[in-house]
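# Structural features, examined
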Amino acid sequence: MRSVPSILHLDMDAFFASVEQASKPSLRGKPVVVGGLGGRGVVATASYEARVFGVHSAMPMAQARRRAPHAAYLIPRFELYRQVSDLVMGLLRELSPLVEPLSLDEAFVDLEAGPYGGLLREGTPEEGAELVRALGEDLRADILAAVGLTASVGLSGTKFLAKIASEQAKPDGLVLIEPGREREVLDPLPVRALPGVGPATAETLRRLGMTQVSQIAATTEDELVRLLGRAHGAGVHALALGRDERAVVAERDAKSVSVEDTFEVDLGDRELIRAELDRLAERCVRRLRAAGRSGRTVVVKVRLFDFTTLTRSETLPAPTDDPLVISAMARRLLESVELTGGVRLLGVGVSGLADFTQEDLFAQAEHEAAEAEADLRALADADDPVADDPEAEGGDGGGEAAYGGPGAPRAFHPGGGVGTLLTVRRWMPGQDVRHAELGHGWVQGSGVGRVTVRFETPWSERGPVRTFSVDDPELAKADPLPLVRGSASAGEV
Amino acid sequence: MKFRVERDVLAEAVAWAARSLPARPPVPVLAGLLLAADEGKLSLSGFDYEVSARVETEADVEEPGTVLVSGRLLADISRSLPNRPVEISTDGVRVIVVCGSSRFTLPTLPVDEYPALPQMPTVSGTVPGEAFAAAVAQVATAAGRDDTLPVLTGVRVEIEGDRVTLAATDRYRFAVRDLMWKPEQEGLSAVALVPAKTLLDTAKSLSAGDVVSIALAGSGKGEGLIGFEGAGRRTTTRLLEGEFPKFRALFPTEFNSVATVPTPAFVEAVKRVSLVAERNTPVRLSFEQGVLTLEAGSGDDAQATERVEADLEGDDISIAFNPAYLLDGLAAIDAAVAQLSFTTSTKPALLSGKHAPDAEADEAYKYLIMPVRLSG
């Protein structure tokens, strides 16, 4: 183990909820719960104010609503979280090239690999501890300045202890575990605090009277190996002793890109299922492309009404990032699944990742045909700005009524994508909107044909509330605003 | 039944007819080879419901008759016999094979349960055997191999008067070959989609003959069959169903750059450079006047680069390809000089052959190849 606690673990405090509070002044200091709002949603993050009521992540949303009926319940705005996360990760990379993100709001940093590495190695352990503490505090201040959010920092000589330290630091703090203090920190922890000890292992250990890390540490490795098997037993024993040789690994390459949706009600209609699949494929491709990747294998995941989960995959001879190719494969795969009874969840994934795309002759021809048609349409529109152009409509050789035609209701995912046939707009709580006169705001709630919007921005005072008809033409979807004015992130302001 | 035949003649005939026998026959009789001896002729037939094969050869027939025996066994036996005349006869429900001092007794399968071989469609015309085999090989190289898109595992055969067009694609490349043939009647027009693998095998096995007759049941008629016949061998294949993509419009006609490279040097260079292109990662080609630079590998991986003399008309261009697809095409053009025509680095490139640097490109064969682009 290192003599200097130079492994840093950063964890943003109640990240999604904090971002929401930062961008919605009226929610500051109030309980906020972010997650899936449908009947089957779960809590992604609860603000500290909401945690007081016993709401925590992974809890079913319905249960959360019972515990904290007055909290603000919001949909996640991943686009914004990602932008904020990028800024934070950028700050971490200034400290060291060895940054290992674990999620949007969590990462390990190996300070010894960074610009301060030389100082850390040369100085005494005391000087080193002093320096890393200063670096950690500076980092927290920089994050607050850059994105307006608080973060907790753990520092230690191993990844495991650094993570334990940041947990103890929460919220808005810094904890440093110097070498030699491992026992003092680890001993009182419950066995579940060890990575790899889940409910099953914890139960096995409990039957033998081991509930605390200290008890595991007091056991011999042989004993644990007998109990838990070779790899697992040895691993748990080492962690209990504070030994963790795992290095910080930068940029762990993703092995696949996938998206999935659980529906509020089971989907029964094949047309509708297909439309949802198309949308998922499109979203998956967007993520794939944003990561600069392509892939060879397309996987479709279907969970039926009775929780039977099926996956089907198909592999191309060469990688692609072409939306047409990927959605055609996804559709083909879906055809091979018996969907009777209803679909609860659909997912589309791409694996076998590469960074190049083998162009597809037919897909390219199809794209070109579509573009040519769009040009033609634009031309026709320009010629005749008032008329709806029956010629162009009818000349649409594809002839496929996307999404089952304009009459078909689409319960989820308003707007976006190619579908312009959407007739009813749906406003989700937390969503950004812009009013032609009143400016930027967010949806507080919607129902019975009306939508309530609070007009405020991350940099304004608490704003006023107005109610509109759901199809008010003055109201439009908007991009999220950056949390700190003028910061490099976010779309247009 | 009783006949005598030369060992080599028998072995060759059995091997060819047994080609189409299924490895795991859906019904036992399909594992059989049907032997029919009559009036100085011996015919052998095999069938697996998809492909039928029938070969006829001269034999010294003492007693005519028909018998069905295991094709695999007969093929193994006839291949291993000493080079002496072979006598085959029936003895009740058994078949006796005698050659020199070897003697085999084989069980027979019930002839009356054997399905009737499909009727050969009426002959449509003839092509020279070797030319046909070469043309099929040029095209079949581009056919798809995975069954998810069955249409693309076929070669489209288009007949229009005295011209036959063969086309195949796996959607990453597209090979088209025109050849002349002698139709039986004027104004013949027909299309068929033939499984590429079967067509390739068939054309190769018939290449020894002077001419190959192609028999195609006209559209709608017959049971979707195509037949080939040459040098005493006759085979039919069930056609694939489905709409083969329209391809003529896919071939670009206007180009911004045209490069010519001596084929052997080009092939050698691609093979060498692609040693570092693991799992068919792309080979990048940069054409400038006088020189082609090939590169493969990137980042921390192994890298390779090589220069080859090349002639370029038009704009400089950098483009990347799957090396396997490029090599397939360079082999298929079968010409001393390769000509590559480009529009842009993301659009299909057209590969054709020339017999000399200043000759016109061969119009009869075209290999369209889609580039690879970096994602993101």
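Here, the structure is the one placed above.
Position numbers for residues start from 1 in each chain and track the written sequence from start to end. Here the convention is simple: chains get letters from A, ligands get numbers from 1, in the order in which they are written. Whole-chain, interface and lining totals are the exception, using all residues; otherwise, since this is a predicted model, local features are given only for residues with pLDDT of at least 70 and side-chain atom pairs are given and counted only at 80 or more. Water and hydrogen atoms play no part in the side-chain values, which are based on all heavy atoms of the structure.

Next up on the list: the overall build of chain B. Put simply, DSSP H or I for four residues or longer makes a helix, DSSP E for two residues or longer makes a strand, and each gets a number counted from the N terminus. Helix and strand counts for chain B come out as six helices and 28 strands. Seen through its C-alpha atoms, chain B measures out along the principal axes to roughly 80 × 50 × 40 Å. For chain B, the proportion of its 376 residues judged to be buried stands at 53%. Contacts were defined at the residue level, with two residues in contact if any of their heavy atoms lie within 4.5 Å. In chain B, of all internal contacts separated by at least 6 residues, the share reaching a separation of at least 24 is 65%. In this tally Asp and Glu are treated as negative and Lys and Arg as positive; neither His nor the chain ends contributes. By convention, the point assigned to a charge is CZ for Arg, NZ for Lys, CD for Glu and CG for Asp. Both charge centroids of chain B, one from 36 positive and one from 52 negative side chains, sit 4 Å from each other. A 1.4 Å probe rolled over the protein chains alone gives each residue an accessible area, and that area as a share of the maximum for its type sets the label: buried under 20%, exposed over 50%, partly exposed in between.

Turning next to the nonpolar core. With 130 residues, the main nonpolar core has Phe3(B), Leu35(B), Phe266(B), Leu285(B), Phe287(B) and Leu294(B) as its most contacted residues. Tallying contributions element by element places helix α13 (residues 270-290) of chain A first for this core, with seven residues. Dropping the residues within four chain positions of it, Phe3(B) is found in contact with Leu35(B), Ala37(B), Leu42(B), Ala59(B), Asp60(B), Val61(B), Glu62(B), Val86(B), Glu87(B) and Ile88(B). By nonpolar core is meant a set of buried Ala, Val, Leu, Ile, Met, Phe, Trp, Tyr and Cys residues that side-chain atoms within 4.5 Å join together. By size, the runner-up hydrophobic cluster in this structure holds 42 residues, among which are Val4(A), Ala14(A), Val99(A) and Val109(A).

Let us now look at the pairing of strand β15 (residues 189-195) of chain B. Residue and element names in this part refer to chain B. In terms of burial, β15 is largely enclosed, as five of its seven residues are buried. Pairing geometry for strand β11 (residues 154-160) and β15, over seven bridges, is antiparallel. When the sheet's bridge partners are listed, Val 155 is paired in β15 with Val 194. Being paired, for any two strands, means DSSP has found at least two bridges between them.

Our next topic: the sheet that holds strand β10 (residues 123-128) of chain B. Neighbouring strands of a sheet are bound in pairs by backbone hydrogen bonds; such pairs are parallel or else antiparallel. Residues and elements named next belong to chain B. An order of β6-β2-β3-β4-β18-β17-β16-β10-β14 is seen for the nine strands of this open sheet, with the pairing classed as antiparallel. Single-partner strands in this sheet number two, and they are β6 (65-70) and β14 (182-183). Where β10 meets strand β16 (residues 211-216), five bridges bridge the pair, whose relative direction is antiparallel. Counterpart to Val 127 in the pairing with β16 is Val 212.

Our focus in this paragraph is unusual backbone geometry. All names here are of chain A. Put simply, Lys 170 and Pro 171 share a cis peptide bond, and its omega is -15 degrees. Looking at where Pro 171 falls in the secondary structure, it is placed in the loop between α7 (159-169) and β8 (174-176). Here the phi dihedral of Ala 58 falls at roughly 75 degrees; this positive angle occurs in a residue that is not glycine. With respect to the secondary-structure elements, Ala 58 resides in the loop between α2 (48-51) and α3 (61-67). For Ala 58, a relative accessible area of 60% puts it in the exposed group.

Quick look at the side chain of Lys354(B) now. Residue and element names in this part refer to chain B. Here Lys 354 is to be found in strand β26 (residues 349-354). It is Glu 313 that comes nearest to the buried, bridge-free Lys 354 among opposite-charge side chains, at 6.7 Å. The term polar contact refers here to a pair of N or O atoms within 3.5 Å; inside protein, the definition further demands a hydrogen-donor-capable atom paired with an acceptor-capable atom, and it admits residues adjacent in sequence only when both atoms are side-chain atoms. At 3.4 Å, the side chain of Lys 354 and the backbone oxygen of Ala 359 are in polar contact. Basic side-chain nitrogens of Lys or Arg form a salt bridge, by our definition, when they fall within 4 Å of a carboxyl oxygen of Asp or Glu.

To continue, consider the interface of chain B and chain A. On the side of chain A, 23 residues touch chain B, which itself brings 26 residues to the contact. Using a 1.4 Å probe, buried area is obtained as the accessible area two parts lose upon being combined, added over both of them. Where chain B abuts chain A, roughly 2,200 Å² becomes buried across the two surfaces, and 56% of that area is made up of carbon and sulfur atoms. A per-residue breakdown of the area chain B buries against chain A is headed by Arg171(B), Tyr172(B) and Arg373(B), which together make up 30% of the total. Our count for the chain B to chain A interface comes out at four salt bridges. One salt bridge in this structure joins Asp360(A) and Arg171(B), with 3.6 Å as the shortest N-O distance. Along the contact surface separating chain B from chain A lie eight residue pairs in polar contact (both at pLDDT 80 or more). Among the elements that take part in the side of chain B that touches chain A, strand β28 (residues 372-374) of chain B stands out by supplying three residues, more than any other. Any residue that is not Ala, Val, Leu, Ile, Met, Phe, Trp, Tyr, Cys, Pro, Asp, Glu, Lys or Arg is counted as polar, Gly included; the first ten are nonpolar and the last four charged. When the residues that make up the side of chain B that touches chain A are grouped by side-chain class, the tally is 14 nonpolar, eight polar and four charged. Note: strand β13 (residues 356-358) of chain A against β28(B), three bridges, orientation antiparallel. If you follow Gln358(A) over to β28(B), its bridge partner there is Val372(B).

Residues and elements named next belong to chain A. With 21 residues, α13 ought to run about 30 Å at 1.5 Å a step, and its terminal C-alpha atoms sit 30 Å apart, in line with that. Residues Ile 273, Arg 274, Ala 275, Glu 276, Leu 277, Arg 279, Leu 280, Ala 281, Cys 284, Val 285 and Leu 288 constitute the buried set of α13. Structurally, α13 contributes buried residues whose contacts are with β9 (256-267), β10 (294-304), β11 (309-320), α14 (323-335) and β12 (343-354). Take the number of residues in a helix, subtract one, and multiply by 1.5 Å to get its expected span.

Pairs may arise between side chains of opposite charge once their charged atoms sit close together. Residue and element names in this part refer to chain A. The final tally for this structure, using the stated rule, is 48 salt bridges over all chains. One salt bridge in this structure joins Lys 170 and Asp 13, with 2.9 Å as the shortest N-O distance. In this pair, Lys 170 sits in the loop between α7 and β8 while Asp 13 sits in the loop between β1 (7-12) and α1 (15-23), placing the two residues 157 residues apart along the sequence. The exposure class of Lys 170 is partly exposed, given its relative accessible area of 24%. With a relative accessible area of 2%, Asp 13 lands in the buried category. Linking Arg 289 and Asp 321 is a salt bridge whose minimum nitrogen-to-oxygen distance equals 3.5 Å. On the criterion of sequence distance, the pair formed by Arg 289 in helix α13 and Asp 321 in the loop between β11 and α14 is long-range, its members being 32 residues apart.

Put simply, a patch holds well-exposed residues, over 30% relative accessible area, that have no salt bridge, with like charges counted together within 9 Å and Val, Leu, Ile, Met, Phe, Trp or Tyr side chains within 5 Å. Using the Shrake-Rupley algorithm and a 1.4 Å probe, accessible areas are obtained, with residue cover drawn only from the displayed protein chains. A cluster of like negative charges, contributed by Asp355(A), Glu278(B), Asp300(B) and Asp301(B), occupies part of the molecular surface. By secondary structure assignment, the location of Asp301(B) is in the loop between β21 (291-296) and β22 (304-309).

Residues and elements named next belong to chain B. In this fold, Thr 108 is placed in the loop between β9 (102-107) and β10. By relative accessible area, Thr 108 is classed as partly exposed at 25%. Note: C-alpha distance between Thr 108 and Val 67 (41 residues apart in sequence) is 7.0 Å. Those residues in contact with Thr 108 that lie beyond four places of it in its chain are Val 67, Leu 68, Val 69, Val 93, Arg 94 and Val 95. At 2.8 Å, the side chain of Thr 108 and the backbone oxygen of Val 93 are in polar contact.

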